[in-house]
Amino acid sequence: MTMDEAEEATTTLRVVGDFADFYRTSYEPVAKALAYALGDVELGSEAADEAMARAYARWSKVVHYDNPAGWVYRVGLNWARSVHRRLARRLPFVDRDVVEPPCSDPEVVAALRRLDARHRDVVVCRLLLDWSVEETAEALDLAPGTVKSRLHHALRRLAVDLSHLR
């Protein structure tokens, strides 16, 4: 093995190791967030798997992003919504069984589902993933002010929807 080949192999192992650490710490929170955003645990897991595979293929770039998990979340969300659009065009009368997201209160899950996707996405990123306004804005490709506005409106709507629980 030449010196260049040995250096390339070492670099490859380091990159794979970095990704393995990222995967270990980021997969579960991203998959849960996608399950909440999409309203389907199975689809959330599939979306996280697909997005992680894409992150691995582009890891040399993704690792340098400010929020790699945000990139994975956005890719998974876009992939899942694209799959839903394709299925809806092909099978318009098939009703997909929806599995409840992992939440202890079904009324909270129902209230989240009643939010439109734009507001639900912000709630999931800010509250479930505990991302900052800036991280959420980057992940969803929004301005920080839009994130704040959507979160405000979503929380107001959730407060009204869940007021009977107090």
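Residues numbered from 1 in each chain as written. Predicted model: local features only at pLDDT ≥ 70, side-chain atom pairs only at ≥ 80, totals over all residues. Heavy atoms only, no water.

Turning to the environment of Gly 39, a few remarks are in order. Mapping Gly 39 onto the fold places it in the loop between helix H1 (3-38) and helix H2 (41-57). As a C-alpha pair, Gly 39 and Val 109 span 70 residues in sequence and 8.2 Å in three-dimensional space. (Helix = DSSP H or I, 4+ residues; strand = E, 2+ residues; numbered from the N terminus.)

Another aspect to go through is helix H8 (residues 144-161). Compared with an ideal rise of 1.5 Å per residue, which puts 18 residues at 26 Å, H8 spans 26 Å between its outermost C-alpha atoms and is within 8% of the ideal. When H8 is considered as a whole, its buried residues turn out to be Val 147, Arg 150, Leu 151, Ala 154, Leu 158 and Asp 161. Considered in projection along H8, the buried side chains sweep an arc of 105 degrees and stay on one side of the axis. Among the exposed residues of H8, those oriented more than 90 degrees off its buried face are Lys 148 and Val 160. Where H8 is buried, its residues touch helix H5 (106-114), helix H6 (117-128) and helix H7 (133-140). (Expected span 1.5 Å × (residues − 1). Buried < 20%, exposed > 50% of the residue type's maximum accessible area, 1.4 Å probe, protein only. Arc of directions from axis to C-beta. Contact = heavy atoms within 4.5 Å.)

Chain-level statistics for the chain give a pLDDT mean of 82 and a share of 78% at 70 or above. Contacts of residues 9-16 to residues separated by more than four positions or lying in other chains number 2 contacts, the stretch itself having pLDDT below 50. Here residues 91-100 is a poorly scored stretch, pLDDT under 50, and it has 15 contacts once near neighbours within four places are set aside; other chains count. (pLDDT = per-residue confidence, 0-100.)

Bringing the environment of Val 123 into the picture now. Mapping Val 123 onto the fold places it in helix H6. Residues Val 123 and Tyr 36 lie 87 residues apart in sequence; the distance between their C-alpha atoms is 9.6 Å. Apart from the residues within four sequence positions on either side, Val 123 is in contact with Leu 112, Leu 115, Leu 128, Leu 151, Ala 154 and Leu 158.

Secondary-structure assignment places Asp 40 in the loop between H1 and H2. Among the polar contacts listed, one links the side chain of Asp 40 to the backbone nitrogen of Leu 43, at a separation of 3.1 Å. (Polar contact = N/O pair within 3.5 Å; in protein donor to acceptor, adjacent residues only side chain to side chain.)

Most peptide bonds adopt trans geometry, and most residues besides glycine take a negative phi value. Residue Asp 130 is not a glycine yet carries a positive backbone phi of 60 degrees. One can find Asp 130 in the loop between H6 and H7. The phi dihedral of Asp 141 falls on the positive side, at around 60 degrees, and the residue is not glycine.

Let us now look at the pattern of salt bridges. According to the stated counting rule, one finds 7 salt bridges in the structure shown. In this structure, Asp 161 and Arg 157 form a salt bridge, with 3.4 Å as the shortest nitrogen-oxygen distance. You can see Asp 161 and its partner Arg 157 sitting in helix H8, 4 residues apart, about one turn around the helix. One salt-bridge network, in which partners are shared between bridges, spans Arg 114, Arg 157 and Asp 161. (Salt bridge = Lys/Arg side-chain N within 4 Å of Asp/Glu carboxyl O.)

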